[in-house]
Amino acid sequence: MNKIAVIGSGTMGNGIAHVFAQHGFGVSLIDISDKALASALNTISRNLDRMVAKGTLTEDQKAETLKNISTFTNLEEGVKEADLVVEAATEDEALKLKIFSQLSGFAKPAAILASNTSSISITKIAAVTNRPDKVIGMHFMNPVPVMKLVEVIRGYSTSDAVTTAIEDLSRQLGKVPTSCQDYPGFVANRILMPMINEAIYTLHEGVAGVEEIDTIMKLGMAHPMGPLQLADFIGLDVCLSILKVLHDGFGNPKYAPCPLLVNMVQAGHKGVKSGHGFYSWGHGTKDLVVADRFKL
């Protein structure tokens, strides 16, 4: 595989494009607007600058990485030469099904179609394509250039050859591929989201405040950041979407989203991306500032 197409230029998409381009792959980065693509390239450039400043990348390597990325607003044009298409669009099932249905006609017959979904059924996605054996989950962790794990999810029809190819490709990127079967939430989010949800319930029920909950988990469980801070980084809307997938998929009330999370998302408080979540963001420092409504 030499040519990679990445659909979606948001946080995950631009990170995936960055990593492939840095490792010498030709990348077609696709989104619906030139503005979104320009913003993505700017983000990639800034992240590469940080690597140069740390001495892990040279200026020439930065230039070569950016040179490896082409941008497209037309899906068909962007994917037509790709050996691998990685979909990293919004975590919305209907949108993903539409994209994969279109890829059946747009991508060349031998191309592997991967989704970066964090919870949606790979089997269901594969069923709308003309190549279910070539559809697989390739779930990168955020931030993509830093995090080593790639959760590789086999759909019901995913072939052994495709699974092996994606595991080998992940290793070429310096990642550690770990395979699992296609069940709601896979492994990472099946375990992570109930923990985050329980932390939100703990806040909702007045057991402790935001800082106290996160401090206990950081110092007591050696987590690099607390579950409420992590939820803000992931996006509270994304957390809610994943919990709904778990709740619907298993029919188990233990996955029911906390009402506080539902209300926050409905109010537009989605964490870092909106500037407001359990913490306030965008105040110009790296200091954690608890959102006003949660200050004790």
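Residues numbered from 1 in each chain as written. Predicted model: local features only at pLDDT ≥ 70, side-chain atom pairs only at ≥ 80, totals over all residues. Heavy atoms only, no water.

- The name given to the protein in an unreviewed UniProt entry is 3-hydroxybutyryl-CoA dehydrogenase, with the source organism recorded as Pontibacter qinzhouensis.
- According to the UniProt record, the Sequence similarities (unreviewed entry) comment for the protein is "Belongs to the 3-hydroxyacyl-CoA dehydrogenase family." (UniProt positions renumbered as here; feature names shortened; annotations may be inferred.)

1. What about the nonpolar core?
For step 1, the next point in the chain: Counting residues in hydrophobic clusters, the biggest one holds 34 residues, and the most contacted among them are I16, F20, L84, V86, M138, F140 and I166.
For step 2, the next point in the chain: Setting aside residues no more than four positions away along its own chain, I166 makes contact with L84, I112, I136, M138 and V152.
For step 3, the next point in the chain: Within the second largest apolar cluster, 28 residues are counted, among which are I213, C239, C258 and Y279. (Core = buried A, V, L, I, M, F, W, Y, C linked by side-chain atoms within 4.5 Å. Buried < 20%, exposed > 50% of the residue type's maximum accessible area, 1.4 Å probe, protein only. Contact = heavy atoms within 4.5 Å.)

2. Digging into the domain arrangement of the protein
For step 1, the next point in the chain: If you check the domain split of the protein, you get domain 1 (3–181) and domain 2 (189–291).
For step 2, the next point in the chain: The gap between the C-alpha centroids of domain 1 and domain 2 is 26 Å.
For step 3, the next point in the chain: Contact residues are listed per partner, giving 6 residues for domain 1 and 5 residues for domain 2.
For step 4, the next point in the chain: For the pair domain 1 and domain 2, the two sides together bury roughly 400 Å², of which 54% comes from carbon and sulfur.
For step 5, the next point in the chain: For domain 1, the biggest contributors to the area lost against domain 2 are E91, S118 and S119; these three give 74% of the whole.
For step 6, the next point in the chain: Remark: the boundary between domain 1 and domain 2 carries 0 salt bridges. (Domains from an automatic or database assignment. Buried area = accessible area lost by both parts, 1.4 Å probe. Salt bridge = Lys/Arg side-chain N within 4 Å of Asp/Glu carboxyl O.)

3. Examining helix α7 (residues 160–172)
For step 1, the next point in the chain: Over its 13 residues, α7 runs 18 Å from end to end, which matches the ideal 18 Å to within 8%, given 1.5 Å per residue.
For step 2, the next point in the chain: Within the sequence span of α7, burial applies to V162, T163, I166, E167, L169 and S170. Buried residues in α7, looked at end-on, bunch into an arc of 160°, giving them a common side. Within α7, the exposed residues directed more than 90 degrees away from the buried face are D160, A161 and Q172.
For step 3, the next point in the chain: Of the residues flanking the end of α7, it is G174, one or two places downstream, whose phi is positive at about 80°. (Helix = DSSP H or I, 4+ residues; strand = E, 2+ residues; numbered from the N terminus. Expected span 1.5 Å × (residues − 1). Arc of directions from axis to C-beta.)

4. Some words on the environment of H269
For step 1, the next point in the chain: Mapped onto the elements of the fold, H269 is located in the loop between α12 (259–266) and β9 (279–280).
For step 2, the next point in the chain: Exposure remark for H269: the relative accessible area of 30% places this residue in the partly exposed category.
For step 3, the next point in the chain: With 37 residues separating them along the chain, H269 and D232 place their C-alpha atoms 9.2 Å apart.
For step 4, the next point in the chain: In this structure H269 touches L236, M264, S274 and H276, once residues within four positions along its chain are discounted.

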